[in-house]
Amino acid sequence: MLPRRFELHRPTTMAEALNLLAGFGDEAAPYAGGTELLVALKARVLHYGHIVDLKRVPGLRGVREMADGGLAIGALSTHHELADDALIRARLPAYAELSGNVANIRVRVAGTLGGNLCFAEPHADPATLLCALGAQLRLAGPTGERVLPMREFVLGEFTTAREEGELLLCIEVPARPAGERAAYRAFGHLERPAAGVAVAAVPEGRGWSWCIWVGAVSGRPVRLEEVEAAARGLSGGEAVQAIEHKAALAAASLEVHDDIHGSADYKRHLVSVLARRAAEACLR
Ligand SMILES: Cc1cc2nc3c(=O)[nH]c(=O)nc-3n(C[C@H](O)[C@H](O)[C@H](O)COP(=O)(O)OP(=O)(O)OC[C@H]3O[C@@H](n4cnc5c(N)ncnc54)[C@H](O)[C@@H]3O)c2cc1C
């Protein structure tokens, strides 16, 4: 099916893009790689009279180091670019690995990180690891810029805290704590993940302090604080056992639904398996 008619705008400055979005209100949508938006327009699930193509707006691509040593990732960076980016590979190897495993090569070369986060399709990978890394999102709107923690951005399926007329500029990942190891493990029999678990471990005493997030199984990523607490300070093997066991208990109380990616029980089982694998990967 062809999409209903729309007017395509191709602004060349940020101010022009924001003016277009402010002027057309809910009749307009930003357009990045189009891998979600075009499919939804063609299926006529969504319709906008005005599409604002961001590709000519400068400053939205690439990765740069911030003054505090963290990394700012331009919202229009594609998954493929991020998987290959030298700074991402050196500082956030778990994120580079995640990016290289998103979807398939056709989606990775066109699909952007910003589009992925703003669309908020729950069966996605980046938000879960970005939550575990304490990332923040920088947005620009008619009244200026604001910064929002990643963990507050996704509100539910296809729903974010982005306000009408706002653009996601970049994703800021703070400098990593000394000795941190992070890993993300996901599984699904379709192209998108049925479940994904992100784990970050920082040395603490004789053991580790853990940050564990699970994604794709419900509308938004969820932190497993009770699992983190149970594993805190334990030595490697003990911590991994505790994580697998407690993640199974925690998964039982998550709001998970049956869908084409699997039954709720299957996805709950995946959570504990993936939590163990991610924790093991951290300690390897
Ligand atoms: C076959 C297939 C398999 C996939 N598999 C996976 C997978 O395994 N894991 C995974 O995580 N994802 C997966 N995806 C999702 C994929 O990552 C996204 O489609 C892609 O990243 C979206 O980016 P885009 O630039 O194409 O967004 P677009 O389609 O251009 O936009 C998506 C939405 O975000 C809005 N938007 C885009 N950029 C901005 C911005 N800067 N500011 C504000 N709003 C913006 C648009 O208005 C639109 O609503 C898959 C997609 C497909 C089609």
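Small disclaimer: the values here were computed from a predicted structure and weren't measured. (Residues numbered from 1 in each chain as written. Predicted model: local features only at pLDDT ≥ 70, side-chain atom pairs only at ≥ 80, totals over all residues. Heavy atoms only, no water.)

Structural notes on the overall build of the protein
Here is the rule we go by: A run of H or I in DSSP becomes a helix once it reaches four residues, and a run of E becomes a strand once it reaches two; helices and strands are each numbered from the N terminus. Radius of gyration here is computed from C-alpha atoms only, and the compact-globule reference equals 2.2 Å multiplied by the residue count raised to the power 0.38. Each residue's exposure class comes from its accessible area (1.4 Å probe, protein chains only) as a fraction of the maximum for that residue type: buried when under 20%, exposed when over 50%, partly exposed otherwise. His is not counted, nor are the chain ends; Lys and Arg add positive charge and Asp and Glu add negative charge. Where a charge lies is defined by one atom per residue type, namely NZ (Lys), CZ (Arg), CG (Asp) and CD (Glu).
Along the backbone of the protein there are 11 helices and 14 strands. A compact globule built from 284 residues would reach a C-alpha radius of gyration of about 19 Å, and the protein, at 19 Å, matches this within 12%. Its C-alpha atoms give the protein principal-axis dimensions of roughly 60 × 45 × 30 Å. Looking at the protein residue by residue over its 284 residues, the buried ones come to 50%. Averaging the coordinates of the 31 positive side-chain charges in the protein and doing the same for the 34 negative ones gives two points 4 Å apart.

Some points on helix 11 (residues 264-283)
The condition that has to hold: Multiplying 1.5 Å by the helix residue count minus one yields the expected span of that helix. Here, two residues are considered to be in contact whenever any of their heavy atoms come within 4.5 Å of each other.
Under the 1.5 Å per step criterion, the end-to-end length of helix 11 is 29 Å for 20 residues, consistent within 8% with the ideal 28 Å. Buried within helix 11 we find Ala 264, Lys 267, Leu 270, Val 271, Ser 272, Val 273, Leu 274, Ala 275, Ala 278, Ala 279, Ala 281 and Cys 282. As for helix 11, its buried residues are in contact with strand 11 (181-187), strand 12 (195-204), strand 13 (207-215) and helix 10 (236-252).

Brief notes about the pairing of strand 13
Rule in force here: Note on pairing: DSSP must find at least two bridges between two strands before they are called paired.
Summarising burial for strand 13: eight of the nine residues are buried, a large majority. Here strand 12 pairs with strand 13 via nine bridges, running antiparallel. Note on strand 13: the bridge partner recorded for Pro 203 is Trp 208. Joining the antiparallel neighbours strand 12 and strand 13 is a turn of two residues, in which Gly 205 adopts a positive phi near 55 degrees.

So, the sheet that holds strand 7 (residues 144-149)
Just so we agree on the cut-off: Helix axes are fitted to C-alpha atoms over the stretch in contact, other axes to C-alpha atoms as well, and angles between N-to-C directions run from 0 to 180 degrees.
Across the sheet, which stays open at both edges, the five strands sit in the order 4-5-10-6-7 with antiparallel pairing between neighbours. Unpaired on one side and paired on the other, strand 4 (63-65) and strand 7 mark the two borders of the sheet. Across the sheet, the mean angle from the axis of one strand to that of its neighbour is 25 degrees, orientation sign disregarded. The sheet contact formed by strand 5 (residues 71-74) and strand 10 (residues 167-173) spans four bridges and is antiparallel. Residue Leu 71 lies in a different strand from strand 10, and its bridge partner there is Val 173.

Structural notes on helix 5 (residues 93-101)
Every buried residue belonging to helix 5 is among Ala 94, Tyr 95, Ala 96, Leu 98 and Ser 99, and all of these are buried. Among the structural elements, helix 3 (79-84), helix 4 (86-91), helix 6 (105-110), helix 7 (113-119), helix 8 (126-132) and strand 11 are those in contact with the buried residues of helix 5. At the exit of helix 5 stands Ala 103, carrying a positive phi of roughly 50 degrees.

Considerations on the domain arrangement of the protein
The condition is simple: Note that the domain bounds reflect an automated or database-derived domain assignment. Put simply, buried area is the surface a 1.4 Å probe can reach on two separate parts but cannot reach once they are joined, added for both. For salt bridges, the criterion is a side-chain nitrogen of Lys or Arg within 4 Å of an Asp or Glu carboxyl oxygen.
Looking at the protein, the domain boundaries give domain 1 (7-53), domain 2 (63-173) and domain 3 (181-283). Computed over C-alpha atoms, the centres of domain 2 and domain 3 are 21 Å apart. The interface of domain 2 with domain 3 comprises 21 residues on the first partner and 25 residues on the second. Taken over both partners, the interface formed by domain 2 and domain 3 buries close to 1,800 Å², and the fraction arising from carbon and sulfur atoms is 59%. A salt bridge links Arg 185 to Glu 97, with the nearest nitrogen and oxygen atoms 3.5 Å apart.

Points about empty space enclosed by the protein
Using a probe with the size of a water molecule, rolled over the atoms, empty space left in the structure can be pinpointed. Note the threshold: With a 1 Å grid laid over protein atoms only, a set of points is called a cavity when a 1.4 Å probe fits there but cannot get out and a pocket when it is open yet has protein on both sides within 12 Å along at least five of seven lines; lining residues have an atom within 4 Å of a point. Grid points are joined across faces, edges and corners, and a volume is the space filled by probe spheres set on the points.
Counting across every chain of the model gives one cavity of 30 Å³ or more. Roughly 110 Å³ of volume is contained in the largest cavity. What lines the largest cavity is a set of 17 residues, among which Glu 121, Pro 122, Ala 124, Ala 127 and Pro 221 lie closest to the centre. If you list the elements that add at least two residues to the lining of the largest cavity, you get helix 7 and helix 8. Here the element with the most residues in the lining of the largest cavity is helix 8; it accounts for three residues. Residues lining the lining of the largest cavity come from more than one domain, with at least three contributed by each of domain 2 (63-173) and domain 3 (181-283).

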